[in-house]
Every structure is written in C-alpha cells, then in structure tokens.
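Fold and contact review
Residues per chain are reported as follows:
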Amino acid sequence: MELVLFFVLVGGAAVLLVRGARAAVAIALAAALVAGSAAAAVAWRARDEARRAAAAAARAPLPAPVADRGYVSSDACRACHPGEYASWHRSFHRTMTQPALGAAVRAPFAGETLRSEDDGRTYRLRREGDTLWADISGVGARRVPMMTGSHHMEAFWLAGARGNQLVEFPFTWLFDDARWVPRRDVFLVGTEYSKQPSTWNRICVECHVTGGVPGFDATLTVPQSRVAELGIACEACHGPAAAHVAANRDPFRRWSLHTSGAADPTIVNPARLPPPRSAEVCGQCHGIACPPDGWLQHGLGFRPGDALADGKPILRLASLGASHCRAQIAADTSFAPSRYWKDGMVRVSGREYNGLVESRCFAGGALACVSCHSMHDSDPNWQLARGKDGDGACTQCHATIGKDVAAHTHHAPGSTGSTCYNCHMPETTWGLLRAMRSHQITIPRVQDDVNAGRPNACNLCHLDRTLAWTADALARLWGTPAPALDADQRGTAAGALYIARGEAGVRAIAADAAAGHAAMAPFLVELLDDDYSAIRYTAVRSLRTIRGFADLPYDYVGTEESRWAAQREARARLARQPGDGVPIPYSRGEFERLAAQRDETDQMFLAE
Amino acid sequence: MSGPAHPQLADRADTFRRAQLLHLRVGAAALFGFAALGVVLESLHAFKAPWYLGVAGETRRFLFTLAHAHGIGLGLVNLGLAAALPLLPGRLPAAASACLVAGTLLVPAGFFAGGLYAHGSDPGLGALLVPPGALLVLIALGLVLRAALARDGG
C-alpha cells in the first residue's frame, strides 16, 4: 500500500509537470523524478528490511511483553504527561533494567578477556553492531542481551538454556573505577559463603521491571517471563493505566478534571493517597518481603493503591515467625542476619520501607516516602524533593526545632553535627559498595546501638572518641540514660573498635565513615587484607582520601601477595609521615587482640 | 481606437489567464485540504489518539505537522503567485507554474505519506518525495524571481 501511494504521488507530479509545460525541460524533470524516485524506493526498502530484521534479533532474548493486565507502557503516558515523563526519564529507576544495546552500555565490550574464578572459564567480550557478546571458553559465543543498573555499576545477564532464562554474568562493571570486577566482589560476602549465580527471572523480575511475570512452568524450572516494561516505569507506581487512557480520550472529562482539581479515579497518584498507603507503593519494592505462593508462575497481584499486607506482606524481624514464608526462613539461618541488625532495624540498602515503618515518625500517620522524596521534582541521585535535601525534610513537621536547630543539636549551625539526617538517619545500611542512610528514624542512644551490634550515629563522625565519651555527651546534653559498656567500649576510640572488633558489616560501615579521617589511616591499612573484598574496596577508597595515600597502588580483587605488598607499602607510608590531627592510639598487638573478639563464626552475606 | 487583439497577444493573455486560474485553484485547494488536515490533527490531540500521540507516533506527528504547515504555506504561495502574475515585469515560463504545482503536491504529500507509514523514528517511503518536490519549488521560485527582476516589458 505504501508503494502504491508513493508511485501515485510520483506519477501525479510527473503528469502535472508534463501537462503544465509540455517543454523538453519539464519532460526531462518528470522522467528524472520517476526514475530517481523508483531507484531510491528500492534502496530504501532494502535498508528498511535489514534494519527491522536486526531490531527483531536484538529483542529476541528479552522477556516478552505483558499484554493482558491493563498496562500501556510509559510511551502512552508521555503523550499527555510530557513533564512527568521527562523527569522519570532522567531517573535511574527507568534504567534499572535495559536491553544491553549500543550506547546505553558503559562497559567497554571491546575485546577484553576476563577469567572467572567461579567457573574457571574465560570470557572474551565484544560488540557486534549494537549487540553484546561473550565468547566463553568451552561454551562458545553467548549473547549478553540485558543489563541491570546504571547509577554506580552495570550487571549483565546471559541468555540461559531454558525458556527465556537470563543468567547472571559473572562480572560487573564499576563506574567509579572504570573496571570489571567479579560479580560476587560487589557484595559484602564472605569468601566461604556460597553465593550461587542469580537467575534474573526468579529474583530481579519482581522489582526491576514494571508488571513483571516470572512465568515459570509448574516444575518451576523453565521460565517464559513477561514484562509490561523493562525498568521501573510509570505504571509501577501509578498502576496499570489502560482504563485511564481510555477514559481520558474524552476531552470534556479531562477539562472537567483539570478545572475541578479532583483526583482521577482511573489512576493512582501516590501523592494523593493517605501517607501510609502512599508509602506502600514504594514499599512494594523497597521492603523485605516474601511474595505470595504462586508468584513465580503468575506474578504479583499487588497494584499501587492496594493494601501491601494483602498482596506482598513486608517481613519485620519481630514477626518473621508469623510470616507465610516462615518455613523457608527457618531453613535459612542467614536470612535474618543478612538483612537486619539484632534489634530488627534493616541493615541493607534498597529496603527503606522496612526502616520507615519501624519509625516513630511514621506511626504518627503523616509521614510517607513522598514527604521527602519526589520522582518528578528531584535530582536523580537521591531523588530528594526540592527543599528536602537538608533540615527542611524534618522541620516541615518539627517546626519548633527548625526555629533554632543549634539549640537542639548542640553543634554549630550548618555543621554536619547540626544536620538532622546525620544523627537521626545515620549511614548504617549497606549496599552498592557503600554505607547508606538508615530510613528508620531514630534518636541516638549508645545502649540501643551496642545491643544491636551497630555503629552509632555520633561515633560515625566522632570516630576518634570512645562510646563512653558519646554516652556522657548524650546524658549531659539530652538526658539519655547511661549505657552499660565494657572496658574496650569505655577505653578505645569507637572507630578503632568498629574496625578491629566489629563484624563484617560494621567494619564496612566504619571504613566508609573513615574517609578523610587521617587518624583512622592505620586501621584502614589493616583492612587492606580483610577477608571480605567489599571491606577492602571501601577501606582503600577511604584511605586514598587521606593525605599521602591518594596514589597507593592496590587492587582489592588482586592476589593475596599483591595485597600484602600494598599493605606493606601503606605501613611504610604511615611510618614516614605523621598523621593529621589527633592520632588514635594504635598498635598491631592491640588490634589483633580486639580482632580476635570478632563475632564471625558464620560467613556473612548482606542481602542488599 | 481599439481593435481586435493581435492573435499572439490573445494567446499570451489566454496562457496568462490560465496560469493565474491554475495557481488560484491549486492554492485554494491546498489551503482547504491542508487546513482540513489541521482540523483532523487537532482532533487527534483532543481525543488522545495513541497512534498519533504515543512515543511511537512521534515521527508521524512531526511529519503530519510538517505536511500541514508546508501544504498551507505552498497554498499561500500559489495564491500569492496568482495575484502577483499581472505585476511581473518579465514573462513567467510555463515550466515555473508546472514546477510549483508539482512541488505543491510532492512536498506536503511526501511528508504526509512519510508519516502515514513511519517506522519508529524513521519516516516511510513517502519522505523520499520531499527533496525532489522541494527542488521543483525552488526552480519555480527561481523562475519567478527571474521574471520579477526582468526589465519592465521584458
């Protein structure tokens, strides 16, 4: 039909030319028009077919589209909400899962060869047009069709053998370091902890896409996964929008809604939901949950606006035994320690809803995620709403404190000690190779943190002070009851204690907090030989922020010998130069005495 | 004293009249047709036609808008030429009219056909008609310019 229309137009123009002028020049023009157009049409069609075939091949291994659940995709939303579409498009939610194609991929795939210690194979990476490939020794060429992440790192997925299975690629590309590292070395995981390669269809499909359906067969071995959209798109938070789109084709309806300002009942707007229900929209993914039975076949029934407790109940430490997943949890002794501090506070990133629901502020009923965050009016980095990236987030409710923040904080106005977030949402959760803010809003109490085995907010800045010093200050300035502390907690600087005696999660958080603290350098040097690669990574990152260590050569996933050599070099530098500021007493013997007390009977894995 | 017109002069007057009428008709038709297209496009906006407004329809929307704008613009050019013909000091060759009329068909219709069969961000085959159409319009405008710059009575 397209060709017919094309030649009708060409013929019509030629007739007009010839009839209009009947001159040789007009006839020549008409002939040139017909001949040129015909040749161009043939070339165009050939190119078009080749491009379509290439696009179809590139899409082939990706999950098929969900067509039966009322999803319309962000493309449809864009037509009427271009501003919201643009702000979402800038976000890392959109690019959480993407086809691994062309310029979207930051990793080189330029002929580099990587060797996996896990399977003993070599992986030679290359691009073929827009697509990515891995030539795997003993296996052959395998397509790398999809990737996860776009903010700090890129993880990749290999086309699997069953259904449209996608299997974890054993290496991750780190943006800050511009390098490949083994996949397990981006997690806080012990060397002896068995971490099997993930299957995307079993885990990531739950939250890293919109409207994901794992689509496993009855034996739960062969997936035919489907998604409404790759990445976390409009309908993940607003719900399936087919009814909304259909209803709003009527311009009078739209004008009526615009002028009245009324909510549109055909779509969910989290900002208009009651705060607890609004938070559940984020909590569907930003929470520790156990999906309902059958979800691996049929996907989740939860939709934004529904009660989360009905569709995907959140798992809180205190009520794990009452969960419908209690049998699985009981069989996995690492389940709780991988996710919670001993007092039930969540300790891994990406599970902020768990922290929120445990907070006293949330119990008041007025706090929701959108109180501080915004998808559409924020910087993509932390998605803090305009004006909520500082004390404004808290003083919107705590107005009295906001009038004289320093009187409440007893720290200089504008200092880090006078920032609400630092004391009430300290960086005690872990993920993506860094410490992140806890979303359980708490009041600093040394006793609580000691009981939970967690660094406390004050000592994450005052690393050179003891827990006893902190407890005294809290008692004197805020009337906090005095805690029971052992001799080391009373006599050793908290930073040193966290690194020397702390379990892996504590060491990682303390190493992160030690960035820029010259007095912590000897302790960071000790961590260069830690068993946990994530701790080594964090330690050297912080160490390099300290004068004299910026150029320290060190590879956190290098051989033991290379790490020992770097550690010797770092110790030599420590000996050559005095540290800045007040030093924290350090001796190898004392460090080893404290390290011997570490609670590391089990290998740890933080399930971020 | 007036007498019967010279046959050659009568022929030229007739040709001139026919050219004027042609551009008047083509111009009015283009204005009508592409204004109607504008109404259709506005309706597609009003009723949020996904085929037109969705991301996949972006190229189509752009090309239809170009078809509408070029159709109206070239319609006005034709009407302007019909009105300006008596003022031209030089003779306008018949090829100028033919090129302008053919270009008035090819440019907007090319955009329209290209949008009708757009594939993703690529226009359909019809877009190939735009460059030759534009060339024809350019030739016509060049000839009009030459006639306009000619010495009076030339």
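Preceding block: the structure.
1. Quick word on the overall build of chain A
Helices and strands together make up the secondary structure of chain A, namely 27 helices and 15 strands. Its C-alpha atoms put chain A at 105 × 60 × 55 Å along the principal axes. Each of the 608 residues in chain A was classed as buried or not, and the buried ones make up 47%. Residue pairs at least 24 apart in sequence account for 61% of intrachain contacts in chain A once pairs closer than 6 positions are excluded. Carbon and sulfur atoms make up 57% of the accessible area of chain A, which totals about 27,900 Å². For chain A, the separation between the mean place of its 64 positive charges and that of its 63 negative charges on side chains is 5 Å.

2. A closer look at the state of the cysteines
Residue and element names in this part refer to chain A. Following the criterion strictly, the structure yields 2 disulfides over all chains and no others. Disulfide pairing is shown between C207 and C285; the S-S distance is 2.5 Å. Negative torsions about the S-S bond denote left-handed disulfides, and the value of about -100° found for C207 with C285 makes this one left-handed. With C207 in the loop between β10 (179–182) and β11 (209–210) and C285 in the loop between α8 (275–283) and α9 (295–298), this residue pair connects regions lying 78 residues apart in the sequence. The buried category is assigned to C207, whose relative accessible area is 14%. There is a disulfide in this structure between C290 and C325, and the S-S distance comes to 1.2 Å. Note on the C290 and C325 pair: the S-S dihedral is about -80°, so by sign convention the disulfide is left-handed.

3. Things to note about the interface of chain B and chain A
Listed per partner, the contact involves 32 residues of chain B and 34 residues of chain A. Overall, the association of chain B and chain A removes approximately 2,800 Å² of surface from exposure, summing both partners, and the carbon and sulfur fraction of that is 75%. Considering only the surface of chain B that becomes buried against chain A, B:K48, B:V55 and B:L125 emerge as the three largest contributors, covering 23% of it. Between the two partners, chain B and chain A, sit 1 salt bridge. Two residues, A:R78 and B:E58, come together in a salt bridge whose shortest N-O distance is 3.0 Å. Taken together, the links from chain B to chain A amount to 4 residue pairs in polar contact (both at pLDDT 80 or more). Sorting the residues of the side of chain B that touches chain A by element identifies α1 (7–46), α2 (50–53), α4 (94–116) and α5 (130–149) of chain B as the ones contributing at least two each. The leading source of residues in the side of chain B that touches chain A is α4(B), at 11 residues. Of the residues assigned to the side of chain B that touches chain A, the class counts are 24 nonpolar, 5 polar and 3 charged.

4. Re the side chain of A:R254
Structurally, A:R254 can be placed in helix α7 (residues 251–260). The charged side chain of A:R254 is buried without a salt bridge, its nearest counter-charge being A:D250 at 6.6 Å. When neighbours within four sequence positions are excluded, A:R254 is seen to be in contact with A:N248, A:R249, B:H45, B:A46 and B:K48.

5. Quick notes on the pattern of salt bridges
Side chains carrying opposite charge are able to pair once their charged atoms draw close together. Residues and elements named next belong to chain A. A complete count under the given rule lists 30 salt bridges over all chains for this structure. Residues E128 and R126 are paired through a salt bridge, measuring 2.8 Å at the closest nitrogen-oxygen approach. A salt bridge links R507 to D530, with the nearest nitrogen and oxygen atoms 2.7 Å apart. Note that R507 is positioned in helix α23 (residues 504–513) and D530 in the loop between α24 (521–527) and α25 (533–543), a separation of 23 residues in sequence. Salt bridges here are not isolated pairs; linked through shared partners, they connect D486, D488, R501, E590 and R593.

6. Quick notes on a negative patch on the surface
Together, A:E192, A:D531, A:E560 and A:E561 give the surface a local cluster of negative charge. Position of A:E561 among the secondary structure elements: in helix α26 (residues 560–576).

7. Quick word on the pairing of strand β6 (residues 140–143) of chain A
Residues and elements named next belong to chain A. Bridge count between strand β5 (residues 131–136) and β6: 4 bridges; the pairing is antiparallel. Paired with W133 across the two strands is R143, which belongs to β6. Between the antiparallel neighbours β5 and β6 lie 3 residues, among them G138 with a positive phi of about 80°.

8. Quick word on the packing of aromatic side chains
Residue and element names in this part refer to chain A. Counted according to the given criterion, the structure contains 20 aromatic pairs over all chains. Considering the side-chain rings of F523 and Y586, the 5.3 Å spacing of their centres and the 85° angle between planes classify their relative orientation as edge-to-face. Of the two residues, F523 is situated in helix α24 and Y586 in the loop between α26 and α27 (588–595); the sequence distance between them amounts to 63 residues. With relative accessibility at 4%, the residue F523 sits in the buried group. According to the relative accessible area criterion, Y586 is partly exposed, its value standing at 29%. Of note, R106 hangs over the ring of F175, and the distance from its end group to the ring centre comes to 3.7 Å.

9. Remarks on α26(A)
All names here are of chain A. Here α26 contains 17 residues, and its C-alpha end-to-end distance of 24 Å stays within 8% of the 24 Å for a straight helix at 1.5 Å per residue. For α26, the complete set of buried residues consists of R563, A566, Q567, A570 and R573. Burial along α26 is one-sided: seen end-on, the buried residues are contained in an arc of 120°. Within α26, the exposed residues directed more than 90 degrees away from the buried face are R568, A575 and R576. Buried residues in α26 make contact with α24 and α25.

10. Regarding unusual backbone geometry
One non-glycine residue with positive phi stands out, namely A:F109, at about 45°. Note that A:F109 resides in the loop between β2 (97–99) and β3 (113–115). For A:F109, a relative accessible area of 2% translates into the label buried. Phi at B:K48 takes a positive value of approximately 50°, unusual for a residue other than glycine. On the secondary structure map, B:K48 appears in the loop between α1 and α2.

Criteria and thresholds
- Each residue is numbered by its place in its chain's sequence as written, counting from 1.
- Each chain is given a letter, starting from A, and each ligand a number, starting from 1, according to the order in which they appear as written.
- Residues qualify for local features only when their pLDDT is at least 70, as the model is predicted, and side-chain atom pairs are given and counted only at 80 or more; totals for whole chains, interfaces and linings, by contrast, use all residues.
- The basis for the side-chain values is all heavy atoms of the structure; hydrogens and waters are excluded.
- Helix and strand labels come from DSSP, where a helix needs a run of H or I of at least four residues and a strand needs a run of E of at least two; each type is numbered from the N terminus.
- The buried label applies to any residue whose accessible area, calculated with a 1.4 Å probe on protein chains only, is under 20% of its type's maximum; exposed applies above 50%, and partly exposed to all values in between.
- Whether two residues are in contact is decided by their heavy atoms, any of which lying within 4.5 Å being enough.
- Accessible surface area values rest on a Shrake-Rupley calculation with a 1.4 Å probe, where residue burial reflects the displayed protein chains alone.
- Only four residue types enter the tally: Lys and Arg on the positive side, Asp and Glu on the negative side; His and the chain ends are excluded.
- Taken as the charge location is NZ of Lys, CZ of Arg, CG of Asp or CD of Glu.
- The term disulfide is used for any two cysteine sulfur atoms that are within 2.5 Å.
- Joining two parts hides part of their accessible area as seen by a 1.4 Å probe, and the buried area is that hidden amount summed over both.
- Here a salt bridge means any side-chain nitrogen of Lys or Arg lying within 4 Å of a carboxyl oxygen belonging to Asp or Glu.
- Within 3.5 Å is the distance limit for a polar contact, defined as a pair of N or O atoms, with the added protein rule that one can donate a hydrogen and the other accept it, and that residues adjacent in sequence qualify only through two side-chain atoms.
- For this classification, the nonpolar set comprises Ala, Val, Leu, Ile, Met, Phe, Trp, Tyr, Cys and Pro, the charged set comprises Asp, Glu, Lys and Arg, and every other residue, Gly included, is treated as polar.
- Think of a patch as exposed residues, more than 30% relative accessible area, with no salt bridge, where like charges cluster within 9 Å and nonpolar side chains (Val, Leu, Ile, Met, Phe, Trp, Tyr) cluster within 5 Å.
- Two strands qualify as a pair provided that DSSP identifies no fewer than 2 bridges between them.
- Think of it this way: a Phe, Tyr or Trp ring, Trp meaning its six-membered ring, pairs with another when their centres are within 6.5 Å, and the plane angle makes it stacked under 30 degrees, edge-to-face over 60, tilted otherwise.
- In this analysis the charged atom, NZ for Lys or CZ for Arg, is taken to sit over a ring once it is within 6 Å of the ring centre and within 35 degrees of the ring normal.
- Multiplying 1.5 Å by the helix residue count minus one yields the expected span of that helix.
- The directions from the helix axis to the C-beta atoms are what the arc is built from.

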